[in-house]
Amino acid sequence: MTHAKRTGRQERNHHDRHRRHERKAILDKAETEARTILGKARAKAGTLTAEAKKKADEQIEQATRRKQGIDQEADRRIGESREQAQKLLSDANTEADRILKTAEEKAAGIDTKAKARIADADRREHEAAHTVDQARRLLADAAARLARPMPELPATNPRE
C-alpha cells in the first residue's frame with residue numbers, strides 16, 4: 001500500500017513538528033553543554049577555594065607563631081626592665097638613706113655657738129634687706145621730686 005500524498009496543510013504541520021523537534025534537540029544539547037561547563041566551573045571554583053583557604057590557614061598560622069614570638073620577647077624585655085628598675089630603686093633608696101644619715105649626723109654635730117652665729121647672720125641679713133628697702137624708697141622719692149617741674153622763681157634784677 002502506498003502512502004497517500006499529504007495536503008499542503010499536512011505538509012506544513014509535518015515541517016513544523018520537524019523544526020520543533022530540531023529546536024528541542026538543539027536546546028537539549030545546549031543545556032547539556034551548559035551543565036557540563038557549569039559543573040567544571042564549580043569544580044574549579046571549589047579547588048581554588050580550597051587552595052586559597054589552605055594558604056590563608058598557613059599564613060594565619062605563621063602570623064600566630066610570629067605574634068607568640070613577639071609576645072615572648074616583649075615579656076622577657078619587660079621582665080628585664082622590671083628587674084633593672086627594681087635594682088635602681090633599691091640603690092636609690094640605699095643612697096638616700098646614707099645621705100640622710102650623714103646629714104642628720106652633721107646637723108647633730110652643729111653646736112650651740114654655730115646656731116647662734118647662724119641666727120646673728122640671719123638677723124644681720126634681715127637688717128641689711130630693710131636698709132636696702134629704705135634706700136630704694138628714698139631714691140624713688142628723690143626721682144619723683146626731680147621729675148616734677150620746677151616752680152618758676154621770680155626774676156631778680158642783677159643790678160639791684
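Look up a bit, the structure's there.
Residues numbered from 1 in each chain as written. Predicted model: local features only at pLDDT ≥ 70, side-chain atom pairs only at ≥ 80, totals over all residues. Heavy atoms only, no water.

Break down the overall build of the protein for me, with residues and values.
Counting secondary structure elements, the protein contains 2 helices and 0 strands. Residues counted as buried form 1% of the 160 residues belonging to the protein. When the accessible surface of the protein is split by element, carbon and sulfur atoms take 57% of a total near 15600 Å². (Helix = DSSP H or I, 4+ residues; strand = E, 2+ residues; numbered from the N terminus. Buried < 20%, exposed > 50% of the residue type's maximum accessible area, 1.4 Å probe, protein only. Areas by Shrake-Rupley, 256 points an atom, 1.4 Å probe, with all protein chains shown as cover.)

Pulling in residues and values, what's your account of the pattern of salt bridges?
One pass over the structure, following the stated rule, counts 14 salt bridges. Ionic pairing is found between R65 and E61, a salt bridge with its closest N-O pair at 2.8 Å. Remark: E61 and R65 occur in helix α1 (residues 8-109); sequence separation between them is 4 residues, near one turn of the helix. A residue is classified by how much of its surface remains accessible, and R65, at 45% relative accessible area, is partly exposed. By relative accessible area, E61 is classed as partly exposed at 47%. Put simply, E73, R76, R77 and E80 are held in one network by salt bridges that share partners. (Salt bridge = Lys/Arg side-chain N within 4 Å of Asp/Glu carboxyl O.)

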